[in-house]
Amino acid sequence: MRLENKVVIITGAGSGIGKETALLFAKEGAKVVVADVNEKGGEETVAEIKRNGDGFFFKLDVSNREQSKQMAKTVLEKYGKIDVLINNAGIVQDAFVSKMTEQQWDKVIDINLKGVFNCIQAVVDIMMNQGSGVIINTSSIVGLNGNVGQVNYSATKAGLIGMTKTLAKELGKKGIRVNAVAPGFIATPMTAAVPEKILEMMKEKTPLRRLGKPEDIANAYLYLASDESNFVNGAVLSVDGGLII
Ligand code: NAP
């Protein structure tokens with residue numbers, strides 16, 4: 001019970017890494033708010049949580065500031081506090097730079113970067129009033145190294161590292177820790193569309209010779225959300241099997 005009675009919001013918890021995290025955190029005693037634009041996936045996650053844990057679904061498009069504020073208000077009314085926010089929701093819309101449309105650029109920036117800002121602003125006053133809180137941002141190996149066809153995505157994931165380091169400085173003195181996780185290639189619906197040939201190449205380049213599993217990232221989130229990491233602030237934890245791209 002490493003998260004007993006902690007109130008945790010996980011965006012994008014209707015699928016992949018977020019879902020795995022929601023289920024793990026519920027087992028560890030957290031009350032889990034599953035915030036996702038995908039109603040079906042989100043409700044399914046909550047149904048699994050409720051078998052022996054506590055949580056609820058909030059339909060949230062992170063790029064919508066009003067919805068983000070409403071979510072924080074709802075969580076506060078229901079549970080009386082917000083201990084942890086995991087900004088895990090993210091999308092890809094890949095294209096070579098010469099072919100990328102303005103819409104592809106804007107959409108990825110709106111969800112992956114502005115969406116994180118929206119959710120942080122929605123909870124930050126609450127956490128400051130409490131004098132405690134943990135924020136975890138989901139970056140990527142692509143934010144550290146770049147990747148062909150992902151100029152929009154890599155810009156957002158690198159941007160999250162800047163945000164993490166700045167907020168660690170701004171909010172540390174208020175008792176709020178801000179860290180990032182940078183996953184490598186993880187087997188989820190997001191990577192299901194990546195051609196098999198590319199995934200094989202990534203495995204070859206990974207010293208541990210496999211793709212990551214959602215639980216590999218969920219366990220990293222768990223460490224950063226728990227009191228075990230209470231002197232870790234402004235860090236970017238790579239969880240990528242040693243892959244260099
Ligand atoms: P995933 O399986 O596609 O899950 C993402 C979830 O976020 C989905 O339920 C998705 O709903 C939801 N979502 C999309 N747009 C949203 C919005 N505007 N507001 C709220 N929720 C939204 O992806 P994943 O692989 O678990 O990825 C989770 C995070 O890890 C992302 O930030 C991703 O960039 C990052 N990451 C993943 C990998 C990897 O290899 N998988 C590597 C590095 C970093 P829909 O299904 O309706 O779109």
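Given the structure is predicted, the values throughout are model-derived calculations rather than measurements.

A. Inspection of the overall build of the protein at higher detail. From N to C terminus, the protein includes 9 helices and 7 strands. Each principal axis of the C-alpha atoms in the protein carries an extent, and together these give about 50 × 35 × 35 Å. Put simply, the protein has 245 residues, and 51% of those count as buried. By sequence separation, contacts in the protein at least 24 residues apart represent 71% of the contacts at least 6 residues apart.

B. View of the UniProt feature "domain: Ketoreductase" (unreviewed entry) in the protein. With numbering matched to this structure, UniProt assigns "domain: Ketoreductase" (unreviewed entry) to residues 6-184. Secondary structure across residues 6-184 comprises 53% helix and 20% strand; the distance between its end C-alpha atoms is 28 Å.

C. Molecular detail of the site of the ligand. The environment of the ligand is formed by 29 residues, the closest being Ser 15, Asp 36, Asn 88, Tyr 153 and Thr 188. Measuring from a nitrogen atom of the ligand, one finds a backbone N or O atom of Val 62 at 3.0 Å. Its free accessible area being 890 Å², the ligand has 88% of it covered by the protein chains. At the level of elements, helix H1 (16-27), helix H6 (151-172) and helix H7 (189-192) are the ones that each hand at least two residues to the shell around the ligand. Examining the composition of the shell around the ligand, we find that 3 residues originate from one element, H7, more than from any other. Grouping the amino acids of the shell around the ligand by side-chain chemistry returns 13 nonpolar, 13 polar and 3 charged.

D. Structural view of the sheet that holds strand E1 (residues 7-11). One open sheet accounts for 7 strands, arranged E3-E2-E1-E4-E5-E6-E7; its pairing is parallel. Bordering the open sheet on either side are strand E3 (54-59) and strand E7 (236-239), each of which pairs with just one other strand. Neighbour-to-neighbour, the strand axes of this sheet turn through a mean angle of 15°, independent of strand direction. In this structure, strand E4 (residues 84-87) lies alongside strand E5 (residues 133-138), joined through 4 bridges in parallel fashion.

E. Examining the nonpolar core more closely. Formed by 32 residues in total, the largest nonpolar core has its most connected members in Ile 9, Val 75, Ile 82 and Ile 120. Looking at this core, the elements with two or more residues in it are E1, strand E2 (31-36), E3, helix H3 (65-79), helix H4 (102-130), H6 and strand E6 (176-183). Counting residues per element, this core draws most heavily on H4, at 9 residues. In contact with Ile 120, other than residues within four places in its own chain, are Leu 85, Asn 87, Ile 135, Asn 137, Met 163 and Leu 167. Residues Ile 10, Val 46, Ile 49 and Ala 218 belong to the second largest nonpolar core, which totals 30 residues.

F. Examining the pairing of E4 more closely. Burial along E4 is two-sided: the residues Val 84 and Ile 86 and Leu 85 and Asn 87 are all buried. Summarising the sheet, E1 and E4 pair through 3 bridges and their orientation is parallel. Among the inter-strand pairings, Ile 9 is bridged to a residue of E4, identified as Leu 85. Assessed by its sense of winding, the connection that carries the chain from E4 through H4 to E5 is right-handed.

G. The arrangement of the side chain of Asn 88 in detail. Along the chain, Asn 88 turns up in the loop between E4 and H4. From its side chain, Asn 88 meets the backbone oxygen of Gly 12 in a polar contact 3.3 Å long. If we ignore the near neighbours within four places in the chain, the residues touching Asn 88 are Ile 10, Thr 11, Gly 12, Ile 17, Gly 18, Thr 138 and Tyr 221.

H. Representation of the pattern of salt bridges within the structure. Tallying each qualifying case throughout the model produces 9 salt bridges. Glu 48 serves as the salt-bridge partner of Lys 19, at 3.2 Å between the closest nitrogen and oxygen. In this pair, Lys 19 is assigned in helix H1 and Glu 48 in helix H2 (residues 39-49), connecting sequence segments 29 residues apart.

I. Representation of the UniProt feature "binding site: NADP(+)" (unreviewed entry) in the protein. When the UniProt feature table is mapped to this numbering, "binding site: NADP(+)" (unreviewed entry) covers Asn 88, Tyr 153, Ser 154, Ala 155, Thr 156, Lys 157 and Ile 186. Along the chain, Tyr 153 turns up in helix H6. According to the relative accessible area criterion, Tyr 153 is buried, its value standing at 8%. Setting aside chain neighbours within four positions, we find Tyr 153 in contact with Ile 91, Val 92, Val 108, Asn 112, Ser 140, Val 142 and Met 190. Relative to the elements of secondary structure, Thr 156 occurs in helix H6. Using a relative accessible area of 0% as the deciding quantity, one classes Thr 156 as buried. Not counting chain neighbours up to four residues away, the residues in contact with Thr 156 comprise Val 108, Ile 109, Asn 112 and Leu 113.

About the thresholds
- Residues numbered from 1 in each chain as written.
- Predicted model: local features only at pLDDT ≥ 70, side-chain atom pairs only at ≥ 80, totals over all residues.
- Heavy atoms only, no water.
- Helix = DSSP H or I, 4+ residues; strand = E, 2+ residues; numbered from the N terminus.
- Buried < 20%, exposed > 50% of the residue type's maximum accessible area, 1.4 Å probe, protein only.
- Contact = heavy atoms within 4.5 Å.
- UniProt positions renumbered as here; feature names shortened; annotations may be inferred.
- Near = heavy atom within 4 Å.
- Polar contact = N/O pair within 3.5 Å; in protein donor to acceptor, adjacent residues only side chain to side chain.
- Areas by Shrake-Rupley, 256 points an atom, 1.4 Å probe, with all protein chains shown as cover.
- Nonpolar A, V, L, I, M, F, W, Y, C, P; charged D, E, K, R; others polar.
- Pairing = 2+ DSSP bridges.
- Axes fitted to C-alpha atoms, helices over the stretch in contact; angles between N-to-C directions.
- Core = buried A, V, L, I, M, F, W, Y, C linked by side-chain atoms within 4.5 Å.
- Right-handed = clockwise from strand over helix to strand, strands pointing away.
- Salt bridge = Lys/Arg side-chain N within 4 Å of Asp/Glu carboxyl O.

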